[in-house]
Amino acid sequence: MANVVVVGAQWGDEGKGKIVDWLSERADVIARFQGGHNAGHTLVVDGTVYKLHALPSGVVRGGKLSVIGNGVVLDPWHLMREIETIRAQGVQISPETLMIAENTPLILPIHGELDRAREEAASTGTKIGTTGRGIGPAYEDKVGRRSVRVADLADDATLEARVDRALQHHNPLRRGLGIAPVDRDRLLADLRQIAPQVLEYAAPVWKVMNEKRRAGKRILFEGAQGALLDIDFGTYPFVTSSNVIAGQAATGVGIGPGAIDFVLGIVKAYTTRVGEGPFPTELEDADGQRLGERGHEFGTTTGRKRRCGWFDAVLVRQTCATSGVNGIALTKLDVLDGFETLRICTGYALDGEVLDYLPTAAEQQARCVPVYEEMPGWSETTEGARSWADLPANAIKYVRRVEELIQCPVAMLSTSPEREDTILVTDPFAD
Ligand code: GDP
Ligand code: IMO
Ligand code: MG
């Protein structure tokens, strides 16, 4: 198998960064295909922590090509700051190792301002709990055909025209929200100043990706967020503004869907969510508290406390289906160490029936009551385990039950934040 797509199979923060970093040893190209710096991917290599938001997690290894595809929305000022931060940690980043698609839409300061103003104005129940990074408004402008894209930075007349087109929409909108009109000259000056730095990395990514594919290079697609935050299949409207599921990997860089050989779903051994929205297995008791503390469940991007709950096999079975997941990487198994009893959600009780999927209607979602089965926990530690032989019998039983319920095999297991505390069961890149 040449090309692997990594996608989050829950509400994000499943450990995609760690797994992408681990797999990137086997890959030639690592490509982000959606989302933006709302993502926060944490890597730990020999005790050194790297936090990546816009950069693909492959950058840390060196010698690989990292790609930011057109499906991403890119804040150029953030990117340059992130490059500097990561460089200061000793990582080399150059136009030879990082490429940005010329047709990538930019996130401008006006997008973040709009995102935050809307959230502030929203009442309880309508607030999304966004990261405030301007992701939604930037995607709105892309679909509304008024984005400034990377290629527009190369020509001043085009840049002015694009900015004016965007402001024609944004200024009336801002007036309605009580925000001052955009300072056009300042925005243009800021864009002109950042332009040469971004253009250094600009490339026809679709062409490069197709050439790499023809040359037999291995491509690793790095998803951000998780399938339950997908704009179509997530818990709408409490979702992000992009398609997150595996099908997006192809359109997000400009390669045919046939290029995808293996889809690896990243699945946390329990469930977390940051931001608002339904969460059927959420725990607001001591068990939830314990998961949050043992799992250090605080957001990488915003530092917000993540909501925690039991493993929901219904949702993961569903997300494995919508992304065509071939195998999962089950992460944070170690966080479950020491629980006497574990619970897994196997269905939802609704109106006298048990459903094996989450209904789409919000009103029904709110009334779904999880049906649980219980499993015995284990008192031994799994932290740092690097082979099946190191796992207690009850931990293996838990993993096997998860596989059965989600109808998808475990390809990898992760037992700590460290790169090498990983168990490979099936190599996603293997032929
Ligand atoms: P991502 O957004 O999917 O890349 O995940 P994040 O990096 O936002 O959150 C996952 C957190 O769990 C990070 O702090 C990782 O270092 C950490 N992590 C990843 N895998 C494991 C694991 O197997 N065990 C433990 N205890 N922590 C892990
Ligand atoms: P990674 O890649 C977890 C959530 C936000 C909010 C919703 C919409 O680290 O897994 P947005 O700013 O995207 O408009 O916010 O989506 N969200 C994430 N939650 N992990 C992420 O990324 C997320 N990116 C966005 O909390 O609920
Ligand atoms: Mg994250």
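Account for the site of ligand 2, naming residues and giving values.
Around ligand 2, the surrounding shell holds 20 residues, and the nearest of these are Asp 13, Lys 16, His 41, Thr 131 and Thr 240. Here Thr 131 contributes a side-chain N or O atom positioned 2.6 Å from an oxygen atom of ligand 2. Bound to the protein, ligand 2 loses 97% of the 550 Å² it would expose on its own. Its residues assigned to classes, the shell around ligand 2 shows seven nonpolar, ten polar and three charged.

Would you mind going over the coordination of the magnesium ion (ligand 3) in detail, with residue names and values included?
Geometrically, a metal with four donors at the corners of a regular tetrahedron has ideal angles of 109.5 degrees, and one with six donors at the corners of a regular octahedron has ideal angles of 90 or 180 degrees. Coordination of the magnesium ion (ligand 3) by the protein comes from Asp 13 (OD) and Gly 40 (O), over a distance range of 2.0 to 2.2 Å. Note that Asp 13 is positioned in the loop between β1 (4–8) and α1 (16–23) and Gly 40 in the loop between β2 (29–32) and β3 (41–45), a separation of 27 residues in sequence. A relative accessible area of 11% means that Gly 40 is categorised as buried.

Provide a residue-level description of the side chain of Gln 365, including the pertinent values.
As for its position among the elements, Gln 365 is in helix α11 (residues 362–367). Of the residues examined, Gln 365 reaches a relative accessible area of 10% and is grouped as buried.

A description of the site of ligand 1 should follow, citing residues and the corresponding values.
Near ligand 1 you find 18 residues, and of these Lys 16, Gly 17, Gly 40, Asp 334 and Ser 414 are the closest. Gly 15 is positioned with one of its backbone polar atoms (N or O) 2.8 Å from an oxygen atom of ligand 1. At 2.5 Å from an oxygen atom of ligand 1 is found a side-chain nitrogen or oxygen belonging to Ser 414. The fraction of the free accessible surface of ligand 1 (590 Å²) that becomes covered by protein chains is 92%. Breaking the shell around ligand 1 down by element, the ones donating at least two residues are α1 and β3. For the shell around ligand 1, the element with the highest residue contribution is α1, accounting for three residues. Tallied by class, the residues present in the shell around ligand 1 amount to two nonpolar, nine polar and seven charged.

Account for the sheet that holds strand β9 (residues 262–268), with residues named and values stated.
Here we have ten strands laid out as an open sheet, ordered β7-β6-β5-β2-β8-β1-β9-β13-β17-β18, and mixed in their pairing. In the strand order of this sheet, the two ends are held by β7 (202–203) and β18 (422–424), each with one partner.

Any chance you could break down the pattern of salt bridges for me, citing the residues and the numbers?
What the rule picks out here adds up to 27 salt bridges. Taking the shortest distance from any N to any O, the salt bridge between Glu 160 and Arg 192 comes out at 3.2 Å. Of this pair, Glu 160 sits in helix α5 (residues 156–177) while Arg 192 sits in helix α6 (residues 184–199), placing them 32 residues apart in sequence. Classification of Arg 192 as partly exposed rests on a relative accessible area of 36%. Here Arg 401 makes a salt bridge to Glu 404, at a shortest N to O gap of 2.4 Å. Pair noted here: Arg 401 and Glu 404 are both in helix α12 (residues 393–406), with a separation of three residues, about one helical turn. Residue classification places Glu 404 among the exposed positions, given a relative accessible area of 54%.

Please set out the packing of aromatic side chains residue by residue, giving values where relevant.
One pass over the full model with this rule turns up four aromatic pairs. Ring geometry for Trp 11 and Phe 279: centres 5.2 Å apart, planes at 50°, overall tilted. Remark: Phe 279 occurs in the loop between β10 (271–273) and α9 (286–294) and Trp 11 occurs in the loop between β1 and α1; sequence separation between them is 268 residues. In this structure Phe 279 comes out as buried when scored by relative accessible area, which is 7%. For the ring pair Phe 33 and Phe 221, a centre distance of 6.4 Å and an interplane angle of 70° mean the geometry is edge-to-face. Taken together, the positions of Phe 33 in the loop between β2 and β3 and Phe 221 in strand β8 (residues 219–222) put the pair 188 residues apart, joining distant regions of the chain. You can call Phe 221 buried: its relative accessible area is 0%.

Rules used in this analysis
- Residues numbered from 1 in each chain as written.
- Chains lettered and ligands numbered in written order.
- Predicted model: local features only at pLDDT ≥ 70, side-chain atom pairs only at ≥ 80, totals over all residues.
- Heavy atoms only, no water.
- Near = heavy atom within 4 Å.
- Polar contact = N/O pair within 3.5 Å; in protein donor to acceptor, adjacent residues only side chain to side chain.
- Areas by Shrake-Rupley, 256 points an atom, 1.4 Å probe, with all protein chains shown as cover.
- Nonpolar A, V, L, I, M, F, W, Y, C, P; charged D, E, K, R; others polar.
- Donors = N, O, S within 2.8 Å, 3.2 Å for Na, K, Ca; no water.
- Helix = DSSP H or I, 4+ residues; strand = E, 2+ residues; numbered from the N terminus.
- Buried < 20%, exposed > 50% of the residue type's maximum accessible area, 1.4 Å probe, protein only.
- Pairing = 2+ DSSP bridges.
- Salt bridge = Lys/Arg side-chain N within 4 Å of Asp/Glu carboxyl O.
- Phe/Tyr/Trp six-rings, centres within 6.5 Å; stacked < 30°, edge-to-face > 60°.

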